[in-house]
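Survey of secondary and tertiary structure
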Amino acid sequence: MDFNVKKLASDAGVFFSRAMQFTEEKLGQAEKTELDAHFENLLARADCTKNWTEKILRQTEVLLQPNPSARVEEFLYEKLDRKVPSRVTNGELLAQYMAEAANDFGPGTPYGKTLIKVGEAQRRLGAAERDFIHSASITFLTPLRNFLEGDWRTIAKERRILQNRRLDLDACKARLKKAKAAEAKATAVPDFQETRPRNFVLSASASALWSDEVEKAEQELRLAQTEFDRQAEVTRLLLEGISSTHVNHLRCLHEFVEAQTSYYAQCHQYMLELQQQLGRFSGTFVGNAESTSPLPATASPPAGAAAPLPAVPTIPVVPTIAGMPSTVAESVLNPSEVKPPASGTRRARVLYDYEAADSSELALLADELLTVYSLPGMDPDWLIGERGNQKGKVPVTYLELLS
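Residues numbered from 1 in each chain as written. Predicted model: local features only at pLDDT ≥ 70, side-chain atom pairs only at ≥ 80, totals over all residues. Heavy atoms only, no water.

1. So, the layout of surface pockets
For the largest pocket, the calculated volume is near 1,400 Å³. Taken together, 39 residues line the largest pocket, and the ones lying closest to its centre are E74, I133, S137, L141 and R145. Residue assignment for the lining of the largest pocket shows that the elements contributing at least two residues are helix 2 (37-64), helix 3 (68-79) and helix 5 (110-188). For the lining of the largest pocket, the residue count by class is 14 nonpolar, nine polar and 16 charged. In terms of lining, the second largest pocket is formed by 20 residues, of which the most central are Q21, D170, A171, A174 and R175. (1 Å grid on protein atoms, 1.4 Å probe; cavity = no way out; pocket = protein on both sides within 12 Å on 5 of 7 lines; lining within 4 Å. Points joined across faces, edges and corners; volume = space filled by probe spheres on them. Helix = DSSP H or I, 4+ residues; strand = E, 2+ residues; numbered from the N terminus. Nonpolar A, V, L, I, M, F, W, Y, C, P; charged D, E, K, R; others polar.)

Given below as structure tokens:
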């Protein structure tokens with residue numbers, strides 16, 4: 001192997017000089033060139049940006065992928081420049097289990113039908129989650145990661161070079177200071193009384209030797225100062241670019257919020273649709289179950305049953321036709337023929353928009369006020385609602401009952 005001994009020795013000397021200068025500065029035995037206040041502020045701002053970017057990046061990764069094993073796997077694939085395999089989301093996996101369970105229980109049974117509908121909603125939620133993760137990774141995580149692995153590494157490299165240039169500059173200042181001190185001492189007290197020839201020659205030429213050493217140290221100092229100033233300007237320009245980084249991260253943050261808003265809006269819409277489907281299906285299922293053994297509206301509670309608590313407010317109930325089972329009265333409900341109770345009706349505020357499924361239901365608009373009451377034996381998930389001359393069944397889950 002071909003070694004450049006001269007360069008190796010020079011590099012070793014530079015490293016030793018920097019190490020000595022750094023150690024003496026830490027011990028307070030050497031002076032240190034201080035950077036101006038603006039430069040120090042730029043350095044502190046850059047460090048703060050790097051630290052918080054790392055924390056935000058890591059926590060966003062945890063938010064998007066809570067499974068640490070999956071995160072490690074994705075990290076390894078990324079470092080190996082290989083495509084990350086597609087992974088089934090938890091919602092999609094739950095949808096698969098529900099579909100398989102529905103097939104075993106019977107897709108025509110009430111439970112099987114509900115499993116299918118809930119599973120389909122979970123599948124849509126899982127697909128929305130996958131799209132959100134993909135969008136957030138591109139618009140938010142990638143720019144943060146690019147900053148840490150690109151711009152910040154460049155800044156850190158130039159800062160290390162600047163630190164070395166500063167150590168070289170301070171070492172040159174220390175050498176020049178020592179050389180001037182030695183030159184002044186040799187000039188002020190020449191030793192002409194030496195009897196030994198060798199010492200006499202050295203004493204006589206000491207002033208000239210130190211003069212040459214001072215000139216050499218001054219030349220090295222000028223060169224070190226030039227290198228330091230040039231590197232300081234390069235580093236300053238990079239640090240001032242942190243402002244552009246903040247602007248870019250701000251734009252990415254807005255895109256992340258938009259993606260998150262769209263994701264949660266999709267989830268909310270899917271769950272409202274599922275709630276509507278289950279509400280209609282639940283009313284039919286409960287009605288069918290009760291029709292197998294209907295009780296008269298005037299039936300008394302069985303002996304030994306606990307009496308209801310009087311302190312709980314109840315929805316006013318409209319009496320049904322004498323002798324007609326309550327579920328039959330509900331099934332043949334004609335909203336226009338239902339009369340509200342003479343007193344004690346309750347007011348309710350609509351929480352969400354609701355589209356009526358048939359003529360017996362009342363379409364709702366969010367934040368409107370209704371008068372509501374119940375029929376004996378009605379599915380507890382439904383009430384009769386009135387809005388002016390309009391009347392129909394409304395789902396309880398869409399209402400906020402007012403006192």
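Still more to cover.
2. Topic: the side chain of Q276
Within the secondary structure, Q276 sits in helix 7 (residues 242-291). There is a polar contact of 3.1 Å between the side chain of Q276 and the side chain of Y398. Not counting chain neighbours up to four residues away, the residues in contact with Q276 comprise D353, Y354 and Y398. (Polar contact = N/O pair within 3.5 Å; in protein donor to acceptor, adjacent residues only side chain to side chain. Contact = heavy atoms within 4.5 Å.)

3. Things to note about the pattern of salt bridges
One pass over the structure, following the stated rule, counts 17 salt bridges. Across the pair D367 and R349 runs a salt bridge, and its minimum N-O distance is 2.9 Å. Here the residue D367 occupies a position in the loop between strand 1 (346-350) and strand 2 (369-373), and R349 occupies one in strand 1, the gap between them amounting to 18 residues. Across the pair K391 and E386 runs a salt bridge whose closest N-O atoms are separated by 3.5 Å. For the pair K391 and E386, one class covers both residues: buried. Each of R165, E227 and R230 takes part in salt bridges that share partners, so that together they form one network. (Salt bridge = Lys/Arg side-chain N within 4 Å of Asp/Glu carboxyl O. Buried < 20%, exposed > 50% of the residue type's maximum accessible area, 1.4 Å probe, protein only.)

4. Quick look at the packing of aromatic side chains
Under the defined criterion, the tally for this structure stands at eight aromatic pairs. Taken together, the ring pairs in this structure connect F132, F140, F256, Y263 and Y264 into an aromatic cluster. (Phe/Tyr/Trp six-rings, centres within 6.5 Å; stacked < 30°, edge-to-face > 60°.)

5. Points about the sheet that holds strand 3 (residues 382-387)
Strand order in the open sheet formed by five strands is 4-3-2-1-5, and the pairing between neighbours is antiparallel. Each edge of the open sheet is held by one strand with a lone partner, namely strand 4 (390-395) and strand 5 (399-401). Mean inter-strand twist for the sheet, computed between neighbouring axes without regard to direction, equals 40°. Two strands pair when backbone bridges link them, and strand 2 and strand 3 are joined in this way by three bridges, in the antiparallel orientation. Looking at strand 3, one finds that T371 is bridged to E386. (Pairing = 2+ DSSP bridges. Axes fitted to C-alpha atoms, helices over the stretch in contact; angles between N-to-C directions.)

6. A short note on the nonpolar core
Of all hydrophobic cores here, the largest spans 37 residues; its most connected members are F132, F140, W152 and L239. Where this core is concerned, the elements lending two or more residues are helix 2, helix 5, helix 6 (197-240) and helix 7. The element best represented in this core is helix 5, accounting for 17 residues. In this structure W152 touches A46, D47, K50, F147 and R159, once residues within four positions along its chain are discounted. By size, the runner-up hydrophobic cluster in this structure holds 17 residues, among which are V350, I384, V394 and L399. (Core = buried A, V, L, I, M, F, W, Y, C linked by side-chain atoms within 4.5 Å.)

7. Some thoughts on the side chain of E368
Topologically, E368 is positioned in the loop between strand 1 and strand 2. Only 2.7 Å separates the side chain of E368 from the side chain of R387, close enough to count as a polar contact. What E368 contacts, discounting residues up to four positions off in sequence, is A348, R349, V350, A363 and R387.

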